[in-house]
Amino acid sequence: MNMNKITLTGRLTEEPKVTYSAGAEPVAHAVFNFAVPDMSMKRNEDGNYPTDFFRCTCWGKLAEIVEKHCNKGTKLLISGRLKNNNYEKDGQKVYSNEIVIDSLEFLEARVAKAQDAQPQETTAAEVTETEPAQTAAPTN
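Rules and cut-offs
Every residue gets a number counted from 1 within its own chain, in the order that chain's sequence is written. Selection of residues for local features in this predicted model requires a pLDDT of at least 70, selection of side-chain atom pairs for listing and counting requires 80 or more, and totals for whole chains, interfaces and linings are taken over all residues. Water and hydrogen atoms were dropped before computing side-chain values, which therefore reflect all heavy atoms in the structure. Aromatic contacts are taken between Phe, Tyr and Trp rings whose centres are within 6.5 Å, Trp giving its six-membered ring; a plane angle under 30 degrees counts as stacked, one over 60 as edge-to-face, and the others as tilted. Salt bridge criterion: a side-chain nitrogen from Lys or Arg within 4 Å of a carboxyl oxygen from Asp or Glu. The helix count covers DSSP runs of H or I at least four residues long, the strand count covers runs of E at least two residues long, and both are numbered beginning at the N terminus. Residue burial is assigned from relative accessible area. The probe radius is 1.4 Å, only protein chains are included, and a residue is buried under 20% of its type maximum, exposed over 50%, and partly exposed in between. Between two residues, a contact is recorded if the distance between any of their heavy atoms is within 4.5 Å. Distance and chemistry together define a polar contact, namely a pair of N or O atoms within 3.5 Å, with one atom able to donate a hydrogen and the other to accept it when in protein, and with adjacent residues in sequence counting only for side-chain atoms on both sides. Here, the term nonpolar core denotes a set of buried Ala, Val, Leu, Ile, Met, Phe, Trp, Tyr and Cys residues that are joined through side-chain atoms within 4.5 Å.

Going through the model one piece at a time under the given rule, you end up with 1 aromatic pair. Consider the rings of F32 and F34, whose centres lie 6.3 Å apart with planes at 65 degrees: the pair is edge-to-face.

Shown next as structure tokens:
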């Protein structure tokens, strides 16, 4: 049996970048960096734990939820798979990794984004401000 599963708790280090595919039914694609402190290590002189940074991506309804509810600093529990990418640049092979998110859970009450000035309806798959620990998973 083979397994490729990763689960992390951390915070977004930037606003997520969301794009939509062209076509009759556009599909959302979200990309963001995710910081995960290594609490098994000793704190540095500033009192912070060493931190690992991961590039994360998700698609479809999950990407739309990220776009609507996530900001820089949002604390999440994410689950997904590790994907290895490689390409050639100037004759050299370049390798990178990213986490393709299958599901996520909000670990704190969300802070409304600037465009959320008016209260909006949410669907069952989305998270409301009064339910910070809900799980969002793709519906496909």
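Next up on the list: the pattern of salt bridges. All told, the structure shown has 3 salt bridges when counted by the stated rule. The salt bridge partner of R11 is E108, with a shortest N-O separation of 3.0 Å. One end of the pair, R11, is in strand β1 (residues 6-12); the other, E108, is in the loop between β6 (92-106) and β7 (135-136), and 97 residues separate them in sequence. Residue classification places E108 among the partly exposed residues on the basis of a relative accessible area of 35%. A salt bridge links E14 to R55, with the nearest nitrogen and oxygen atoms 3.1 Å apart. Of the two residues, E14 is situated in the loop between β1 and β2 (17-20) and R55 in strand β4 (residues 51-59); the sequence distance between them amounts to 41 residues.

What follows covers the environment of H29. Along the chain, H29 falls in strand β3 (residues 28-37). Setting aside its immediate chain neighbours within four residues, H29 contacts K17, V18, T19, T57, C58, W59 and A63. At 2.6 Å, the side chain of H29 and the side chain of T57 are in polar contact.

Time to look at helix α1 (residues 60-69). Along an α-helix, residues three or four apart share an orientation, since each turn contains 3.6 residues. Counting buried positions over the 10 residues of α1 gives 7, a clear majority of the element. When α1 is considered as a whole, its buried residues turn out to be G60, L62, A63, I65, V66, K68 and H69.

Grouped together as the largest cluster of nonpolar side chains are 20 residues, with contacts concentrated most on F34, L76, I78, I101 and L104. Those elements that provide at least two residues to this core are β1, β3, β4, α1, β5 (75-89) and β6. Looking at this core element by element, the count peaks at 5 residues for β3.

For the rest of this paragraph, the subject is the side chain of T74. Its place among the elements puts T74 in the loop between α1 and β5. A distance of 2.8 Å separates a polar side-chain atom of T74 from the backbone nitrogen of N71. Sequence-distant contacts of T74, defined by excluding residues within four places in its chain, comprise G10, R11, L12, H69 and F106.

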